[in-house]
Structure formats: structure tokens, C-alpha cells
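The chain contents come next:
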There are 2 protein chains.
Amino acid sequence: MAAQRVSVLGATGSVGTSTLDLIQRTPDAFEIIALTAQTSVDKLADTAIATRAKLAVIGDPAHYGHLKERLAGTGIEAAAGAEALVAAARVPADCVVAAMMGAAGLKPALAAVGQGRRVGLANKECLVTAGALFMAEVKRCGAELVPVDSEHSAVLQALGSAEPATIERIVLTASGGPFRTWDAARLASVTPAQALKHPNWVMGRKITIDSATMMNKGLELIEAFHLFPVTADQLGVLVHPQSIIHALVEYCDGSVMAQLASPDMRTPIALALSWPGRMQAPTARLDLAKIATLTFEAPDRERFPAIALAEAALVSGGGATAVLNAANEVAVEAFLAGQIGFLDIAGTVSRCLDKLDGDLKCSDTTSVDAILAVDSRARRLARDVIAMNG
Amino acid sequence: MAAQRVSVLGATGSVGTSTLDLIQRTPDAFEIIALTAQTSVDKLADTAIATRAKLAVIGDPAHYGHLKERLAGTGIEAAAGAEALVAAARVPADCVVAAMMGAAGLKPALAAVGQGRRVGLANKECLVTAGALFMAEVKRCGAELVPVDSEHSAVLQALGSAEPATIERIVLTASGGPFRTWDAARLASVTPAQALKHPNWVMGRKITIDSATMMNKGLELIEAFHLFPVTADQLGVLVHPQSIIHALVEYCDGSVMAQLASPDMRTPIALALSWPGRMQAPTARLDLAKIATLTFEAPDRERFPAIALAEAALVSGGGATAVLNAANEVAVEAFLAGQIGFLDIAGTVSRCLDKLDGDLKCSDTTSVDAILAVDSRARRLARDVIAMNG
């Protein structure tokens, strides 16, 4: 079998590193085309050399000289800047893993989709802020989109080849975060240090706080809405503190299909690299007899209002989910900087959505630039809201 | 869409009745061809009339006159006897549900397979006593075999379109029965009345006792071996007292796919009637938040030796699994009649397997008649063993 050509956008982050770890275990099966990073130039150069990539692109042009120097004589092409990131995504590959963080990942991910081949999508913004546009492009280009996160990868597997009419509900599980059992008064006193301790996953700071507020689950509901053939009211969240079952799909015959796995991103990454097949991944195998107990409870929508905020933004449509996302990012930063309390994160998002309510319905979300404008506007508004209440 | 032609062999038993219940909820989607029963002639006649079947066959020829009388003027053809049961299975149908009990179901099920269409298989003996022969016939005729029991239906769904090489393990769950936590001394004192109380499922007497000894899980392992592309050592059993997860398939990427459902046979029956699609089934929907806790433990192979006996019979091959099944049936009857103790059920099976050990390896299992001869011989031996130890 010919080696699969893979590009990794965001090659030096957590998902990018895990992707390359998997690939290097069966190097004959893969050929690395392009690797990109935003600022980690040395790690990018090391990885490009180790994987014999054809092209390495650094987003920040200030690092171009250093990258070129590091790659001199290796035969690996070097490039830099936002345009070069998009160009890297367009270099023909069988699978592009789009793992760049934040809104900067949008244009490269769309460029990858434009190839009409497989895209492993780890960037949340593509679907949360630009879902309708992104999915229309996936359809138009005939791309195969494989989500790279535990919950949506689980849904994809639990859906199999099901007819949409047979699906009753899609349920994402949530660990409930470190404050699952805390009452409202205690939640008000949560410190950044407390919020950064996630019970099951080791993740970046932003997503760990999102997990503590349960906003991550709200964002995942929005992604699921765009990825899968269901309406907003067919989506649900189930709190499952052990994070073993990642999602469930309920069918019209009473059957519920679930995907389980130890918490390890290499499982969904492996699926994206081998879909619709599977490849070997060196993850810890699940031992349910040892785990012994799995528990489930309904999410508490009062103590964790982020889920309802996300659902409301989804129903509002237009730029509302982009506002939710941007306001949340600003609020999380403010919380981590000690400027606002834990409960003010959702409070800030809620106030931004309220203030923009009428505007959002007529906001333009038909181009990436229009969506990025909504994003910027929401960020400014969130900063104002925080300054006013601070 | 044209109505699907369905025949139900064993139409008056539990699976048969549930099958017809489902069909009658969307009568336009189905056309009933043949219904058969062994002795329940009035229920057969009622059902045939209610479902406008084309043919009703009673196994026991003594009831032929009564059946003919009941169906006079309805336009439904009546027939009786073992040959007529086989002929009913051969009448062209898109799906034949083979739900006859016991060894008597073997020849009709094989006849159904001979049509080369879909067979919903609820008869355990086809695979436990004649698995190799039965599966060879399924392959030869190009039939589509959909198991009608919770565990194997769950495996089928969790397998989806997986490549066999990506499957690491198939795990069937077991409730553990009513004596899961009893020690050996207490197990020795179990009465038939105690053993007939199953915690999760309302089933026939024989299968309820098999659930208490865990022999049902042993028999299911044998069925799974024949149904799915795995070796004996890739099959496992996991005790899961709530009976919500019915089976799990573990893959090479660390993913585990599971099927969950409330305990209701209509879910696997609906799958057999609509495979590879799904149809609506009026079963209680699973509410994991309400169920709250699922627990798992390894089976105790010392207190419940039936699993190891089944595994050993599977490895022995030849007629060993037919002997296991026949000896178990005789032993369960003896236990229910108060002739032997609860632990003597597995003891009897074990002694029969030991006694026939050398013989079994050269026993002929290449025809149904040869297998039925092994079955008869094992039954006689089991009765002798019981008489000697009684």
C-alpha cells in the first residue's frame, strides 16, 4: 500500500505532537508533506527534520530567518507568514490534520478542506464560529471531515453508517470538571489555581478552565450540531465524571451506541489518520473490571450556565456562537489574570450575547473576514463589560 | 417501498410473539409469509389469522386437524409435521426469524439459510451444537445472519463495518445472575425457586437457570466464536449486574464500541427485521442519568465453572460443544426436578465432557444427523452420570 501523505497544521501543539508520535511508530505508512507552527520555531525544525517533511511553515514571520537556517541543507523547504500557512494547507495530501489553535486556524483549515480529501479537525473555531460556512465548504469540495476530539470522534464512530432518520439523540458526556459537586457560593470563590486542576485530562489552560465552567461542553454541542445530521434539540449533555464513555447515539429502536476509551487524544487522532479504517495506537487499553464503576448524572444548568448559553447561541444562529466563543476567551483570560471571579466568566458571555442580541441577527457570517469582524467586535465588547463590572 | 416478506419459525414463543408485536405496529411494512409452532396450535391459528399469514405449520402432527379447522375459510394454508416445518422455512421470504426452541430448530433454520436471504437467528442450538456446519452453509448460500439476542446483536452493531484485523477483543457482558455474590457453600444450597428469579430479564425456565449458573454466557461465547471473525482467546466475559451494556468490541486504536439498551428483546428483534437499517421499536428509552451507576467485575471462574467449561469445549472442537449443551439441558432438568444440586449442573457437564473426551475428537459433526446423534448420546450419558451420583 502506498504511504499516506499527511500534513499537520499546528504540528508543535498537543494534538500535532501526538499525531506525529503516532505517525513515527509506523513511518512506512505515512509520508509527511507540510508541518506548520505559529511560534515554536525550534520544535518545528526538529520535527520537520525527524519526520523528513517536505515543507515547514512558521506563522510568525519574525522566525523565518531562524527556520531557514535550521533547515539549511536538509532539503526541507521553509516558509513563513499567514499566507504561507494557507499555502501549506493546500499542498496536496491525503489527510490534513488541522490542529492550529484559535481563529488563526480558520483560513488554513478551509484551505485544507478545499483539497476535497480528508481533514482531521482539531480546531474548535472552525465549527464554533464559522460552522455553517465551514460545513458548506466541506460539502462543496467533497472533503471527508473527521473530528479530532474525544467526544465528536466518539459520535462519528457510534453513528457508523446510520440513516439520519433513525437517530433520536446524540449525547456528549462531560466530566463535570473539578467543581461538579460545589454549590454556587463555593463556585463564586474558585481561584485560577483550583480551576486549572482537571480530574481526567491534562490539557491547555484555556480548555481546562472551559472544562471547569462546562463551556467546553457548550462549544462541543455547537460543533456537534454542525458535524452531525441532527437538530439542536436532539443534542444532549450527560455528566459522567470518569470520562470513559465519550458520547452516545440513541436510535429509534432503543439501541444506544457508545464509544469508550481511556482518556488519550491518540485514539481520536489515530481514527482521523486511518478513517474509515483503524490503525494501531499505543494507548492504555480500557479495563472496565478494574475501573469497576461508571456514574452518570444530568448536568446542573443553574450552577453551570455555560451549557444553556451555548444552546441559546446555537438557536440564535448568525454570529451568536462566534460572540459566545470570543467573549468566553476574553473572560477566561480575565479570570486567569485575577480580574474577574469564576462565575463572572459565564456572566460576561451572557452580557455580551444580550448586548449584541438585535445586531447579531443581521450580522454577516457568510465570509471568514465577516466572522473575524464579529469575533473582534465581541472581544472588544467583552473587555468593556469586564472593565465596567471590574 | 415494497412490504418486506417475513416468516417466523417458532411464532408462539417469546421471541416469536415479540416479533409479531413489532410487525403489527407497522403492518404496511411487512407481509407475513409462514408462521410455525411446535404445539401451541390455538395461539398459532390466532396469530396467523391476525397477521394474514399465507401458511401456518404446527410441528406436532396430532394438532393438524384442529389447525385446519381453525383456519377453514381464512385462505391460510395449514400443514403439520417436521417436514412441513422445514418446507415453511423454504417458502421465499426476505427475512426468516428462526426462533424455534432446541435441537428441533436446526433443520428449519438451515432451510431458512438455504434461501440465501436474511435470517434472524434466535435458536441457540444452531451455533452451539452445529456452528461450523451452520456458518459454512450461511457462507455457501450467501445468507445474511442477524443474531436475535441482546449480546450478539450488540456485537454486530459494535462491529459495524470494521476490518477483522482491527478487532482486538469481543466482550459479552453477563448480569452474573442472582447468585453473583454468593459463596460456594451457599451456592451448593441453591433451590430451583431461588434460581428461577432472574434480576433483570423475564425469560423461560431453562435460560433463567443457565443465567444463574452462567452457562448461558458460556453458550453465548460459543455462538460469538462462530458469528464473528475472532479466535477463542479474543472472546471475553465481563460481569455487569445492571445488564445495560450488552457487549463491547475493543479495537486496535484503544477505542471500545458498546451497545446499550434497556433489557427488551424487541430491540434486537427490530434490528433483525430492518438490518442493516433500523426500525422504530416501542421500548423504554435508556436514561443513564436515572440509572446513575453501571458496575463491572471480572467473572469468578471458580464459583461459576460453566464459563471455563464452555471455553474448553470450544477449544476441543468437534462435538464437544454439542455435548456441553445436551448435558447441560439434562442437568438443568434434573436440578429443576430436585434430583441434583445447583453445583451439580456444571459438575454433570464436566463429567460428560471428560468421559467423552477421546471419542469427541473423532465424532462426526459434518451433518445435522451426526450432530443430533452426538446430542442424543450426550443426553443418555448425562442421565447415567446423574443416576450414578444421585
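In this text the structure is predicted, and so the values were computed from the model without any measurement.

Topic: the overall build of chain A
Step number 1: A count of helices and strands for chain A gives 19 helices and 12 strands.
Step number 2: The C-alpha radius of gyration of chain A comes to 21 Å, within 12% of the 21 Å expected for a compact globule of 390 residues.
Step number 3: Its C-alpha atoms give chain A principal-axis dimensions of roughly 60 × 50 × 40 Å.
Step number 4: Put simply, chain A has 390 residues, and 59% of those count as buried.
Step number 5: Charge separation in chain A, taken as the distance between the mean sites of 34 positive and 40 negative side-chain charges, equals 4 Å.

Side note on the interface of chain A and chain B
Step number 1: Each side of the interface is counted separately: chain A has 37 residues, and chain B has 37 residues.
Step number 2: Taken together, the two surfaces of chain A and chain B that pack against each other cover about 3000 Å², and 56% of this comes from carbon and sulfur.
Step number 3: Between the two partners, chain A and chain B, sit 4 salt bridges.
Step number 4: The salt bridge involving Arg285 of chain B is made with Glu168 of chain A; its shortest N-O contact spans 2.8 Å.
Step number 5: For the pair chain A and chain B, the number of links is 20 residue pairs in polar contact (both at pLDDT 80 or more).
Step number 6: Of all the secondary-structure elements, those providing two or more residues to the side of chain A that touches chain B are helix 8 (150-159), strand 10 (245-251), strand 11 (256-260), helix 13 (266-274), helix 14 (288-291) and strand 12 (293-295) of chain A.
Step number 7: Sorting elements by how many residues they give to the side of chain A that touches chain B places strand 11 of chain A first, with 5 residues.

Concerning the domain arrangement of chain A
Residue and element names in this part refer to chain A.
Step number 1: Splitting chain A by domain gives domain 1 (4-147) and domain 2 (162-389).
Step number 2: Between domain 1 and domain 2, the contact holds 33 residues from the first and 31 residues from the second.
Step number 3: For the pair domain 1 and domain 2, the summed buried surface comes to about 2700 Å²; carbon and sulfur atoms form 72% of the total.
Step number 4: Counting the surface domain 1 buries against domain 2, the share from its top three residues, Leu22, Lys124 and Val128, is 25%.
Step number 5: Here Glu223 and Lys124 are joined by a salt bridge, their closest N and O atoms 3.5 Å apart.
Step number 6: Where domain 1 touches domain 2, the interface holds 7 residue pairs in polar contact (both at pLDDT 80 or more).
Step number 7: Of all the secondary-structure elements, those providing two or more residues to the side of domain 1 that touches domain 2 are strand 1 (4-9), helix 1 (14-25), strand 5 (95-98), helix 5 (106-113), strand 6 (118-121), helix 6 (125-128), helix 7 (131-141) and strand 7 (144-147).
Step number 8: Counting residues per element, the side of domain 1 that touches domain 2 draws most heavily on helix 1, at 7 residues.
Step number 9: Taken together, the residues of the side of domain 1 that touches domain 2 sort by class into 19 nonpolar, 7 polar and 7 charged.

Comments concerning the sheet that holds strand 5 of chain A
Strand-to-strand pairing in sheets goes through backbone hydrogen bonds, with the strands running parallel or antiparallel.
Residues and elements named next belong to chain A.
Step number 1: Taken together, the 7 strands give an open sheet; going across it, the order is 4-3-2-1-5-6-7, and neighbouring strands pair in parallel fashion. Two strands in the sheet have a free side with no partner beyond their single neighbour: strand 4 (77-80) and strand 7. Each adjacent strand pair in this sheet contributes to an overall mean axis angle of 20 degrees, direction not counted.
Step number 2: Examined bridge by bridge, strand 3 (residues 55-58) and strand 4 share 4 bridges and lie parallel to one another.

Let's talk about the pairing of strand 5 (residues 95-98) of chain B
All names here are of chain B.
Step number 1: Residues Cys95 and Val97 of strand 5 are buried on one face, and the alternating residues Val96 and Ala98, pointing to the opposite face, are buried as well.
Step number 2: Pairing of strand 1 (residues 4-9) with strand 5, which is carried by 4 bridges, proceeds in the parallel orientation. Its bridge partner lying in strand 5, Leu9 is registered against Ala98.
Step number 3: In this structure, strand 5 lies alongside strand 6 (residues 118-121), joined through 4 bridges in parallel fashion. Across the sheet, residue Ala98 finds its bridge partner in strand 6, namely Leu121.

Brief notes about the pattern of salt bridges
Residues and elements named next belong to chain A.
Step number 1: Throughout the structure, instances matching the rule amount to 46 salt bridges over all chains.
Step number 2: Of the charged contacts in the structure, one is a salt bridge between Glu311 and Arg301, with a shortest N-O distance of 2.6 Å. Of this pair, Glu311 sits in helix 15 (residues 306-316) while Arg301 is found in the loop between strand 12 and helix 15, placing the two residues 10 residues apart along the sequence.
Step number 3: A network of salt bridges, in which partner residues are shared, links Lys124, Glu151, Lys217, Glu220 and Glu223.

Considerations on the confidence of the model for chain A
Step number 1: The share of residues in chain A with pLDDT of 70 or more is 97%, and the mean pLDDT across the chain is 95.
Step number 2: Scored by ipTM, the complex comes to 0.96, with pTM at 0.96.

Observations regarding the sheet that holds strand 8 (residues 167-174) of chain B
Step number 1: Spatially, 8 strands are ordered 9(A)-8(A)-10(A)-11(A)-11(B)-10(B)-8(B)-9(B) in an open sheet, and the strand pairing comes out mixed. Every interior strand has two partners, whereas the edge strands, strand 9 (235-239) of chain A together with strand 9 (235-239) of chain B, have only one. The sheet shows a mean angle of 20 degrees between the axes of neighbouring strands, direction not considered.
Step number 2: Inspection of the sheet shows strand 8 of chain B paired to strand 10 (residues 245-251) of chain B by 5 bridges, in the antiparallel sense. In the sheet register, Ile167 of chain B faces strand 10 of chain B, and the bridge partner there is Tyr251 of chain B.

Topic: helix 7 of chain A
All names here are of chain A.
Step number 1: Those residues of helix 7 not exposed but buried are Gly131, Leu133, Phe134, Met135, Val138 and Cys141.
Step number 2: As for helix 7, its buried residues are in contact with helix 5, strand 6, helix 6, strand 7, helix 12 (215-227) and helix 19 (368-389).
Step number 3: Just beyond helix 7, the residue with positive phi is Gly142, at close to 65 degrees.

Overview of the packing of helix 16 (residues 320-336) of chain B against helix 19 (residues 368-389) of chain B
Residue and element names in this part refer to chain B.
Step number 1: Interaxial distance between helix 16 and helix 19 falls to 8 Å at its minimum, and their mutual angle equals 40 degrees. Relative to helix 19, the element helix 16 is oriented oblique. Our pair here, helix 16 against helix 19, has a crossing hand that is right-handed. Along the contact surface, helix 16 presents Ala322, Val323, Ala326, Ala327, Glu329, Val330, Ala331 and Ala334, while helix 19 presents Val374, Asp375, Ala378, Arg379, Ala382, Arg383 and Ile386.
Step number 2: Among the residues forming the contact of helix 16 with helix 19, the class breakdown is 11 nonpolar, no polar and 4 charged.

Reading the values: the criteria
Residues numbered from 1 in each chain as written. Chains lettered and ligands numbered in written order. Predicted model: local features only at pLDDT ≥ 70, side-chain atom pairs only at ≥ 80, totals over all residues. Heavy atoms only, no water. Helix = DSSP H or I, 4+ residues; strand = E, 2+ residues; numbered from the N terminus. Rg over C-alpha atoms; globule rule 2.2 N^0.38 Å. Buried < 20%, exposed > 50% of the residue type's maximum accessible area, 1.4 Å probe, protein only. Lys, Arg positive; Asp, Glu negative; His and termini not counted. Charge placed at Lys NZ, Arg CZ, Asp CG, Glu CD. Contact = heavy atoms within 4.5 Å. Buried area = accessible area lost by both parts, 1.4 Å probe. Salt bridge = Lys/Arg side-chain N within 4 Å of Asp/Glu carboxyl O. Polar contact = N/O pair within 3.5 Å; in protein donor to acceptor, adjacent residues only side chain to side chain. Domains from an automatic or database assignment. Nonpolar A, V, L, I, M, F, W, Y, C, P; charged D, E, K, R; others polar. Pairing = 2+ DSSP bridges. Axes fitted to C-alpha atoms, helices over the stretch in contact; angles between N-to-C directions. pLDDT = per-residue confidence, 0-100. Parallel < 35°, antiparallel > 145°, perpendicular 65-115°, else oblique. Left-handed = near helix turned anticlockwise from the far one by under 90°.

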